[in-house]
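Here's the letter readout for the chains.
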Amino acid sequence: MSGVQLLPVVEGEGDQRLDRWLRKRFPHLTQGAIEKMCRKGELRVDGGRVTSATRVVEGQIVRIPPLPDVDQPAPPPSRLAKGDEAMIQAAVMWKDEHIIALNKPPGLPSQGGSGQGERHVDGLSPALMFGYKDRPKLVHRLDKDTSGVLLLARTDRVARALSEALRHRNVRKIYWAAVAGVPTPRAGTIKFGLVKEGGRGDEKMRAIHPREVEATPGAKRAVTQFMTVENAGGRLSWVAMQPVTGRTHQLRAHMAELGHPILGDGKYGGSAQENLGDGWGAGMGGDLSRKLHLHARTLIIEHPITKAMLTLTAPLPPHMKATWDYLGWDQREAPLDPFEDFE
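Description of the structure in this document. (Residues numbered from 1 in each chain as written. Predicted model: local features only at pLDDT ≥ 70, side-chain atom pairs only at ≥ 80, totals over all residues. Heavy atoms only, no water.)

1. A closer look at the pairing of strand β11 (residues 171-180)
Along β11, 9 of the 10 residues are buried, which leaves the element largely enclosed by surrounding structure. Pairing of β11 with strand β17 (residues 294-302), which is carried by 7 bridges, proceeds in the antiparallel orientation. Looking at the pairing, Ile174 lines up with Thr298 of β17. Here 6 bridges tie β11 to strand β16 (residues 236-243), and the two strands are oriented antiparallel to one another. Note that in β16 the partner of Val179 across the bridge is Ser237. (Buried < 20%, exposed > 50% of the residue type's maximum accessible area, 1.4 Å probe, protein only. Helix = DSSP H or I, 4+ residues; strand = E, 2+ residues; numbered from the N terminus. Pairing = 2+ DSSP bridges.)

Here you go:
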């Protein structure tokens, strides 16, 4: 049996039923077991009683009673492939006794899902225990094909503190991307709301004009700040972005709505004829990768224990560095935080 667990609802997991959230983390839990835990008051959200249909919100803390060992969401370290252990440990860019920061590789999911098996950051977290009794916990997510800074908390206390900071936006997250064309104006704020476009299981988002958000079922307010750092002959631009809100696919959908989709984004890059099957920019030449060019470059947050400001900057993944080098873009030209004085 496990002990009592206090797990945060991380960024991107909000606005879903509690039973669905639970089954994603504990696939072996039955609906009957979840209902029973709710009736007995053993399953709680932010200390309050709940039903299986209660909708969870980002930053909330879910209390989970002791579960049989078979229900544990992650395998023991001995079941992890040695290559995967080495890969995830090599992704560690910073750690102390409270926090681990990864430079997540592109193509590696943050959490499990349909067909993902155990090869995702959450499933590989036993390899990141480094002598601690408990495996570290995700406090936010990155899309599978997005690389960059990803935080894990080494204790429940730190997980709660980091989740609260992220929930109240007491953090600065700067992303870098290569996008089609040159945005006009070169800097600004995107305020289009977002709503799921497809059916069940399809996370593609559709942009909604701000004045139509309230009248559109399921739509949520979304805000992104952006700034153009450099461009290549008017065909591609290096853009820095800061998500003020944290919606699913927010940066990808917002840039596409402006008419400047992110290089390699087959989901938001336009028609199949334009994409050639691999996202906008596939026709730019053989020297440019067709992988998604979106990277969580910098995260600035107050350390929950020491209270010192923590600034974490992740090097570009190989395919993006190759594109930057090919286009002659100097990474030193971008300020660490281009939105420090942004209005």
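The structure having been displayed, the exposition proceeds.
2. A look at the nonpolar core
Ranked by size, the top nonpolar core spans 27 residues in total, and within it Ile88, Leu102, Val121, Met241, Ile262 and Leu294 carry the most contacts. Elements that contribute at least two residues to this core include exactly β8 (99-104), α4 (121-124), β10 (147-153), β11, β16, α6 (250-257) and β17. For this core, the leading source of residues is β11, giving 3 residues. Structurally, this core is a two-domain feature, drawing no fewer than three residues from each of domain 2 (82-168) and domain 3 (171-327). Look past the residues within four positions of Ile262 in its chain and what remains in contact with it is Ala177, Ala178, Val179, Met241, Leu251, Arg252, Met255, Leu292, His293 and Leu294. (Core = buried A, V, L, I, M, F, W, Y, C linked by side-chain atoms within 4.5 Å. Domains from an automatic or database assignment. Contact = heavy atoms within 4.5 Å.)

3. Let's talk about the sheet that holds strand β1 (residues 5-8)
The strand order across the open sheet formed by 4 strands is β1-β6-β3-β4, and the pairing between neighbours is antiparallel. Of all strands in the sheet, those with a lone pairing partner are β1 and β4 (48-49), marking the two edges. Looking at chain direction, strand β3 (residues 44-45) and β4 are connected through 2 bridges and run antiparallel. Following the sheet pairing, Arg44 is matched in β4 by Arg49.

4. Some remarks on the packing of aromatic side chains
The full count for this structure, using the stated rule, is 5 aromatic pairs. Measuring from centroid to centroid gives 5.6 Å for Trp238 and Trp324, while their planes differ by 65°, and the two rings are edge-to-face. Here Trp324 lies in helix α8 (residues 318-327) and Trp238 lies in strand β16, a separation of 86 residues in the sequence. There is no split in this pair, since Trp238 and Trp324 are both buried. Relative to Trp329, the ring of Trp324 lies with its centre 5.0 Å away and its plane at 85°, an arrangement referred to as edge-to-face. Given a relative accessible area of 0%, Trp324 falls into the buried group. Note on Trp329: relative accessible area 5%, which makes it buried. (Phe/Tyr/Trp six-rings, centres within 6.5 Å; stacked < 30°, edge-to-face > 60°.)

Just geometry here; none of it tells us what the structure is for.
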